[in-house]
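Letter by letter, the chains look like this.
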Amino acid sequence: MSAVEELKNISIVLSYKYPFLASLLRGARVVITDEVQTLASDHKMTIYVNERFFMSLKEYERVSVLMHEVMHLALRHAQRAKALKVHRTLWNIAADAVINYDLEQEGLKLPEDAVRIDDIAELLNINADSITKMSTEEIYRLLLQHAPQPEIKGCGHLTDGEEQEQEGQKGEQKGEEQEGEEQEGQKGEQKGEEQEGE
C-alpha cells in the first residue's frame, strides 16, 4: 500500500470520530516528498509527508502523526509563528507539546519520541500540570528564557513553505544559467563564422 492510499483510508476513519479535523485534512494539499524527514505543515494549508518514514510507522502511529499535522493547521501554528517571527525550533517544540497533550487526552497513542508536556516540565524544572494550562506562546516564552536549543525531539515540524519554493527557484536559476552559457556559446560560434567569411 502506498502513502497516498493510506492517507485516504485514515481520512475516512477520521471522518467518523473527528469530522472537523477530517474536513481540514480533505481541504489540505498533501505533498509526498523526501524534502522533510517525517511530516510537516505550513501556513499554506499544505502537509508534507515523507513516504518512507510514514509507512515505517505502526498503523496507530500513522493516525496520530497525521492528526498531529492537521492540528497544526487547525490551530494555525504556522501563521502564528510567522506573525510573531519566532525561533522556529523552540516554537515547534512548544506547539508539538500542546498538540500531543490534547491527542493523548483523546486516547490516541503517539510515537515514543514525540514531544510531551512532561519533557518540557523536566527541562524547565517546573510542574507539568501548570504547563497543561498554558498556550503555545506561553510555553514558547519559557523555552526561550531557558535555552536557545533544548535537546527535545518532535513528531514533525512546521515550515513556512520557503524551503520548497527556494528549491524550485534554484532549479529555475540553474536553467537560466545554462541558457546564458548556451547563448554565449552561440555568440562565439557566430563570431567565428563572421571571421571565416572575412
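Computed from a predicted model, the values in this text were never measured in an experiment.

K.L.:
What's the story with the overall build of the protein in this structure? I'm lost.
P.N.:
A tally of regular secondary structure across the protein gives 10 helices and four strands. Across the 198 residues that make up the protein, the buried fraction comes to 41%. The contacts in the protein between residues at least 6 apart in sequence include a share of 62% that link residues at least 24 apart.

K.L.:
Got a minute to help me understand helix α1 (residues 3-17) in this structure?
P.N.:
Given 3.6 residues per turn, any residue in an α-helix points the same way as the ones three and four places further on. With 15 residues, α1 should reach 21 Å at 1.5 Å per residue; the first-to-last C-alpha distance of 21 Å fits that figure. Residues of α1 that are buried include every one of A3, E6, L7, I10, S11 and L14, and no others. With its buried residues spanning 145° around the axis, α1 presents them on a single face. Within α1, the exposed residues directed more than 90 degrees away from the buried face are K8, V13 and Y16.

K.L.:
Can you walk me through the packing of aromatic side chains in this structure?
P.N.:
One pair of aromatic rings is described through two measures. These are the centre distance and the angle between the planes. Enumeration over the complete set of coordinates arrives at one aromatic pair. One cation-aromatic arrangement involves K109 over Y60; the distance from NZ or CZ to the ring centre is 5.7 Å.

K.L.:
What should I look at first to understand the side chain of H77 in this one?
P.N.:
Examined against the element boundaries, H77 turns out to sit in helix α5 (residues 77-84). The exposure class of H77 is buried, given its relative accessible area of 0%. A distance of 3.0 Å separates polar atoms of two side chains, one belonging to H77 and the other to H72. A distance of 3.2 Å separates polar atoms of two side chains, one belonging to H77 and the other to T136.

K.L.:
When you look at the confidence of the model for the protein in this model, what are you seeing that I'm missing?
P.N.:
As a general rule, the predicted coordinates of low-pLDDT regions are not to be interpreted in detail. When pLDDT is averaged along the protein, the result is 81; 74% of the residues meet or exceed 70. Here helix α10 (residues 162-197) is the element of the protein with the lowest mean pLDDT, 46, and strand β3 (residues 46-49) is the one with the highest, 96. In this model residues 160-179 is a low-confidence stretch, pLDDT under 50, and it forms 13 contacts with partners more than four residues away in sequence or in other chains.

K.L.:
How should I be thinking about the nonpolar core in this particular structure?
P.N.:
Nonpolar side chains in soluble globular proteins tend to be buried together. Core analysis: the biggest nonpolar cluster contains 27 residues, and L14, L21, I47, F54, M67 and L103 have the highest contact counts within it. For this core, the elements supplying multiple residues, two or more each, are α1, α2 (19-27), β3, α4 (59-74) and α6 (88-105). A total of seven residues in this core trace back to one element, the largest contributor, which is α4. Counting 19 residues, the second largest nonpolar core, distinct from the first, contains W91, A94, A97 and I120.

K.L.:
Explanation requested: the packing of α6 against helix α9 (residues 136-146) in the structure shown.
P.N.:
A packed helix pair is summarised by two numbers, namely the angle formed by the two axes and the spacing between the axes. Packing of α6 against α9 brings their axes to within 8 Å, and their N-to-C directions diverge by 135°. Relative to α9, the element α6 is oriented oblique. The hand of the α6/α9 crossing is right-handed. Judged by residue contacts, L90, W91, I93, A94, A95 and V98 of α6 engage T136, E137, I139, Y140, L143 and L144 from α9. Its residues placed into classes, the contact of α6 with α9 shows 10 nonpolar, one polar and one charged.

K.L.:
Which parts of the structure should I look at to understand the pattern of salt bridges?
P.N.:
Any two side chains of opposite charge can pair, given that their charged atoms come close. Going through the model one piece at a time under the given rule, you end up with three salt bridges. Among the ionic pairs, R62 bridges to E6, the shortest N-O distance being 3.1 Å. Taken as a pair, R62 in helix α4 and E6 in helix α1 lie far apart in primary sequence, 56 residues in all. Judged by relative accessible area, which is 6%, E6 ranks as buried. One salt bridge connects E104 with R116, and the closest N-O pair in it is separated by 3.0 Å. Of this pair, E104 sits in helix α6 while R116 sits in the loop between α6 and α7 (117-124), placing them 12 residues apart in sequence.

Parameters and conventions
- Residues numbered from 1 in each chain as written.
- Predicted model: local features only at pLDDT ≥ 70, side-chain atom pairs only at ≥ 80, totals over all residues.
- Heavy atoms only, no water.
- Helix = DSSP H or I, 4+ residues; strand = E, 2+ residues; numbered from the N terminus.
- Buried < 20%, exposed > 50% of the residue type's maximum accessible area, 1.4 Å probe, protein only.
- Contact = heavy atoms within 4.5 Å.
- Expected span 1.5 Å × (residues − 1).
- Arc of directions from axis to C-beta.
- Phe/Tyr/Trp six-rings, centres within 6.5 Å; stacked < 30°, edge-to-face > 60°.
- Lys NZ or Arg CZ within 6 Å of the ring centre and 35° of its normal.
- Polar contact = N/O pair within 3.5 Å; in protein donor to acceptor, adjacent residues only side chain to side chain.
- pLDDT = per-residue confidence, 0-100.
- Core = buried A, V, L, I, M, F, W, Y, C linked by side-chain atoms within 4.5 Å.
- Axes fitted to C-alpha atoms, helices over the stretch in contact; angles between N-to-C directions.
- Parallel < 35°, antiparallel > 145°, perpendicular 65-115°, else oblique.
- Left-handed = near helix turned anticlockwise from the far one by under 90°.
- Nonpolar A, V, L, I, M, F, W, Y, C, P; charged D, E, K, R; others polar.
- Salt bridge = Lys/Arg side-chain N within 4 Å of Asp/Glu carboxyl O.

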